[in-house]
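Remarks on the overall topology
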Amino acid sequence: MKELSGEIVSTPITRHLIHIFFPVALLIVAGGALLKHKDDAVTLERLQLLQHQAIRRGMDVLNRELASVHRDLRFIASQPELRQALQQDAKPDLAALSRNLLMISNLTQHYDQVRWIDEQGDERVRIDRHEGTAVALPPDQLTNKKLRYYFRAAMAQPPGSIYVAPLDLDLAPEIQVSAARATMRFATQVIDSQGRQRGFIILNYLAAPMLDKFVKITEELATHSILVDDKGHWLAGHHPAVSTTNTQGNDLAMADPELWQQIRATKQGQQLTESGLWSWQTLTPQRVADNPDQPASAQETLNWKVMTWVPSQELATMTQPSLRHYSLAVAVLIAGLGFISWRLAQSRQRHDDTQAEMVRAKNRYHALFDSTINPILLFTRDPEALLDCNSATLAIFGATSKTELIGKSTAELSPPWQANGKESALAMQSHLAQAERNVSTTFEWTYKRLDTGKHLFVTIRLTQIHIDDQPLLLASFRDITERVQAQSQIRSALQRLKLATDAANIGIWSWNFN
């Protein structure tokens, strides 16, 4: 099997296919991965922006509702009936104040209790909400609240500031979305005309409608919204116990301590973790009212974290369509590349086969060229110079290598004058021109040997050919030196015979018996 796979890879067309296909295929895969990464980054950026918008809308809801409580509290503390009661140390008439507080409670319907608690901790006026209706409690049902934590905290505030108690949730641990009896206490001190502290007005604000509105508004943009206090305790929205792998406890601090430490340490931010994308911003309930004249609160700052959460499973779901699209696009491109690569490999193989055949033909030409008995020379035309020759040419010129001949013109290889008395350079130009006109011409020529300098008589056949669109001159010749020398000897003998007969007055004739 290994031998078979080796043979397949070693075939020329397969090698061409590998060289063409794999580099481009790797580029396509890398490009697809890069585009997918950028697309995921854009998706994440849009999602992060959407979480910011959801948090901003949730912050607006909470700020607006809490600011309304601040205004109501200051309005009640400024009531003339309350101011009049503060001036009466003994037994003030509280009927008018009680009626006003009843009316305010029925109009707003946001408060479970509206109370005036004096500096001794005694409830002086108390309006409770019972089955949707505000009810003023009789004096015998009023109690002392001096030992309650909010009494001490409210009395410690500077006059004019607002104390905000932590949100109380009267709900079972399994309730995750709405706190039906969620209550917040807002208090501000009241001062009589002599500047004495006379207790404070305290509102028990029913926060459930505000929390439900917060969840509804934020989850129009975000999948999961969460509101927690500065200790990580859940207040509203998606319960953090089901947000992480830790299902123990009912607060974010226990569910994911590391994440909570980062959230608590920063006013706002975003963090991508294994559990998903978390976004948060800090809200301070004491500072929601835009009142520059309001004294700073003496209590420790109460912070809420307005948060959204996108689970990792949802993030993966958001990127799955793009993954399918990019995978399909890469697969189509690779399939097309495979087809094109196959055709290119075939074309390259045909080209290689053609080149190999040309090399073989060239080798056959050279073998034939060198093995020919008659000398063969190949000249360029302009300028006229020897380009190549065969071994027989070397032998007849007495040369040891082609370098002694190549590059030389016919005039350099010939004596200055030909046997007919013409200058060699001019005579050869005439023959070259005739070869160009008639394609081929035959004539006698006199060369000289390189080793001895003796004349070499030949009969040349000069033919014009084209190689790679270049006009060349092919010269093949036959050595006629012996014939020319014999003819010269005969002419010499006849000349001597003529001189002898002329001197002896001897007549010579020829008789043709036919």
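Residues numbered from 1 in each chain as written. Predicted model: local features only at pLDDT ≥ 70, side-chain atom pairs only at ≥ 80, totals over all residues. Heavy atoms only, no water.

Across its full length, the chain holds 12 helices and 16 strands. Scored against the burial criterion, the 514 residues of the chain give a buried share of 40%. In the chain, the share of contacts with a sequence separation of at least 24, taken over all contacts with a separation of at least 6, comes to 57%. When the accessible surface of the chain is summed, it comes to about 29200 Å², and 56% of that surface belongs to carbon and sulfur atoms. (Helix = DSSP H or I, 4+ residues; strand = E, 2+ residues; numbered from the N terminus. Buried < 20%, exposed > 50% of the residue type's maximum accessible area, 1.4 Å probe, protein only. Contact = heavy atoms within 4.5 Å. Areas by Shrake-Rupley, 256 points an atom, 1.4 Å probe, with all protein chains shown as cover.)

On to helix 11 (residues 424–438), then. Between its terminal C-alpha atoms helix 11 stretches 21 Å, which fits the 21 Å expected from 15 residues at 1.5 Å a residue. Among the residues of helix 11, those classed as buried are Ser424, Ala427, Met428, His431, Leu432 and Ala435. Mapping the buried residues of helix 11 onto a view down its axis gives an arc of 140 degrees, with all of them on the same face. The outward face of helix 11, more than 90 degrees from its buried face, is lined by the exposed residues Leu426 and Arg437. (Expected span 1.5 Å × (residues − 1). Arc of directions from axis to C-beta.)

Now for the nonpolar core. Core analysis: the biggest nonpolar cluster contains 45 residues, and Trp116, Met184, Phe186, Ile201, Met210, Leu227 and Trp304 have the highest contact counts within it. Among the elements that take part in this core, helix 2 (residues 12–77) stands out by supplying 9 residues, more than any other. Filtering out sequence-adjacent residues up to four positions away, Phe186 remains in contact with Leu66, Val69, His70, Leu73, Ile162, Tyr163, Val164, Ile201, Ile202, Leu203 and Tyr205. The next biggest cluster of nonpolar side chains, apart from the first, holds 24 residues, and it includes Leu377, Leu394, Leu473 and Phe477. (Core = buried A, V, L, I, M, F, W, Y, C linked by side-chain atoms within 4.5 Å.)

Right, let's talk about the pairing of strand 7 (residues 224–229) for a bit. Most of strand 7 sits out of view: 6 of its 6 residues are buried. When strand 7 meets strand 11 (residues 304–311), the two strands line up antiparallel, connected through 6 bridges. Along strand 11, the bridge assignment pairs Val228 with Lys305. Taken together, the 3 bridges between strand 7 and strand 8 (residues 234–237) define a ladder with antiparallel strand orientation. Considered in strand 8, the bridge of Ile226 is made with Gly237. Here strand 7 folds back onto strand 8 in antiparallel fashion, the turn holding 4 residues, of which Gly232 has a positive phi close to 85 degrees. (Pairing = 2+ DSSP bridges.)

Ordered in space as 8-7-11-10-9, the 5 strands form an open sheet in which the pairing is antiparallel. Either end of the sheet is taken by a strand with one partner, and the two such strands are strand 8 and strand 9 (268–273). Looking at each pair of strands side by side, their axes are set apart by 20 degrees on average, direction ignored. Of the pairings in the sheet, the one linking strand 10 (residues 276–283) to strand 11 comprises 8 bridges and is antiparallel in character. Across the sheet, the residue bridging to Gly276 is Pro311, located in strand 11. Relative to strand 7, helix 6 (residues 208–218) is tilted by about 140 degrees, and along the sheet it contacts strand 7, strand 8 and strand 11. Lying on the sheet, helix 8 (residues 257–265) is in contact with strand 7, strand 9, strand 10 and strand 11; it crosses strand 11 at an angle near 135 degrees. (Axes fitted to C-alpha atoms, helices over the stretch in contact; angles between N-to-C directions.)

One non-glycine residue with positive phi stands out, namely Gln109, at about 55 degrees. Positionally, Gln109 belongs in the loop between helix 4 (95–108) and strand 1 (111–117). For Glu131, which is not glycine, the phi torsion reads 55 degrees and is therefore positive. Within the fold, Glu131 resides in the loop between strand 2 (123–130) and strand 3 (133–136).

All right, on to the sheet that holds strand 14 (residues 440–448) then. Across the sheet, 5 strands lie side by side as 13-12-16-15-14; this open sheet has antiparallel pairing. Edge positions in the sheet fall to strand 13 (385–389) and strand 14, since each of these pairs with one other strand and no more. Each adjacent strand pair in this sheet contributes to an overall mean axis angle of 35 degrees, direction not counted. One ladder, built from 4 bridges, connects strand 12 (residues 376–380) with strand 13; its direction is antiparallel. In the strand pairing of strand 13, Leu377 is matched with Cys389. Lying on the sheet, helix 11 is in contact with strand 14, strand 15 (455–467) and strand 16 (470–479); it crosses strand 14 at an angle near 160 degrees.

Here the focus is the confidence of the model for the chain. Residues at a pLDDT of 70 or more form 89% of the chain, whose mean pLDDT is 82. Note on residues 1–9: pLDDT is under 50 here. Beyond four places in sequence and across chains, it has 4 contacts. Overall, residues 171–179 carries pLDDT values under 50, and its contacts beyond four positions in sequence, including any with other chains, amount to 17 contacts. (pLDDT = per-residue confidence, 0-100.)

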